[in-house]
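Here is what each chain is made of, one letter per residue.
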Amino acid sequence: MLSHAAHHFDLQAEMNARAEVERMQHEERADSIERIRTLIDEEAFDFVFQPIVRLDDRRAVAFEALARFPQFPGQPPNIVFDEARAAGLELDLQLAVVEQALLRIDQLPREASLAINVSPETLMSPALEWLCKHNQPDRLVLEITEHTSIDDYAVLAERVFALKRHGVRLAIDDAGWRNRHPR
């Protein structure tokens, strides 16, 4: 009987420990969702514009808008996007970043393009097409990141052709460099 009570106690302790882990995970996810939602709602990010230079005359022909998140000090942007993905808010964050980057296009030299990183999921969003077609699409280059896989190439192709009809150009970003450097 004593061994049965000890076994019951061990099972209860294990169940309590699991429940505590689940509670903590739930709280962490809720905190993460709140952090990312606040980031999006307050547009609490900035940009660094990295020049893309033509080698023959060393002229900047484009600028890549790289999002920075000052309220996440010490964390590279890819960690913030990873947190948004885990919180189910990656598309929302990417669309907010794209929208804000597009608002800065007139700050660039007129002859320069604006390059913006987007995931395949974001590329397939009708909201992205709307943003692009209303913001100088002939000056845009969308760089498709390889941080997430592509599940439906037919839908992706359809979205790519729609964007190209508006004049948007596409590029593959950092092919082969997955998780090797911060964005």
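See above for the structure.
Let me begin by describing the structure that accompanies this report. Only a predicted model underlies this, so the values are computations on that prediction, with no experimental measurement involved.

So, the side chain of Asn117
So, step 1. In this structure, Asn117 sits in strand 3 (residues 113-118).
So, step 2. The exposure class assigned to Asn117 is buried, which follows from its relative accessible area of 15%.
So, step 3. Engagement of the side chain of Asn117 in a polar contact is seen with the side chain of Glu64, the distance being 3.0 Å.

Some words on helix 3 (residues 90-102)
So, step 1. Over its 13 residues, helix 3 runs 18 Å from end to end, which matches the ideal 18 Å to within 8%, given 1.5 Å per residue.
So, step 2. When you tally the buried positions in helix 3, you get ten out of 13 residues, the bulk of the element.
So, step 3. The set of residues buried in helix 3 consists of Glu90, Leu93, Gln94, Leu95, Ala96, Val97, Val98, Gln100, Ala101 and Leu102.

Side note on the packing of aromatic side chains
So, step 1. Evaluated as defined, the whole model comprises four aromatic pairs.
So, step 2. Judged by centre distance (6.0 Å) and plane angle (35°), the rings of Phe47 and Phe49 are tilted.
So, step 3. Ring plane angle 75° and centroid distance 5.5 Å describe the contact between Phe69 and Phe81, whose orientation is recorded as edge-to-face. Taken together, the residues Phe69 in the loop between strand 2 (59-68) and helix 2 (77-86) and Phe81 in helix 2 connect sequence positions twelve residues apart. When sorted by exposure, Phe69 lands in the same class as Phe81, which is buried.
So, step 4. In textbook terms, an aromatic cluster arises when at least three aromatic residues are bridged by ring pairs, as seen for Phe45, Phe47, Phe49, Phe69 and Phe81.

Points about the pattern of salt bridges
So, step 1. Across all of its chains, the model carries eight salt bridges by this definition.
So, step 2. Its salt-bridge partner being Arg35, residue Glu83 comes within 2.5 Å of it at the nearest N-O pair. Highlighted residues: Glu83 in helix 2 and Arg35 in helix 1 (residues 2-41), separated in sequence by 48 residues.
So, step 3. Salt bridges here are not isolated pairs; linked through shared partners, they connect Arg37, Asp41 and Asp92.

Reading the values: the criteria
- Residues numbered from 1 in each chain as written.
- Predicted model: local features only at pLDDT ≥ 70, side-chain atom pairs only at ≥ 80, totals over all residues.
- Heavy atoms only, no water.
- Helix = DSSP H or I, 4+ residues; strand = E, 2+ residues; numbered from the N terminus.
- Buried < 20%, exposed > 50% of the residue type's maximum accessible area, 1.4 Å probe, protein only.
- Polar contact = N/O pair within 3.5 Å; in protein donor to acceptor, adjacent residues only side chain to side chain.
- Expected span 1.5 Å × (residues − 1).
- Phe/Tyr/Trp six-rings, centres within 6.5 Å; stacked < 30°, edge-to-face > 60°.
- Salt bridge = Lys/Arg side-chain N within 4 Å of Asp/Glu carboxyl O.

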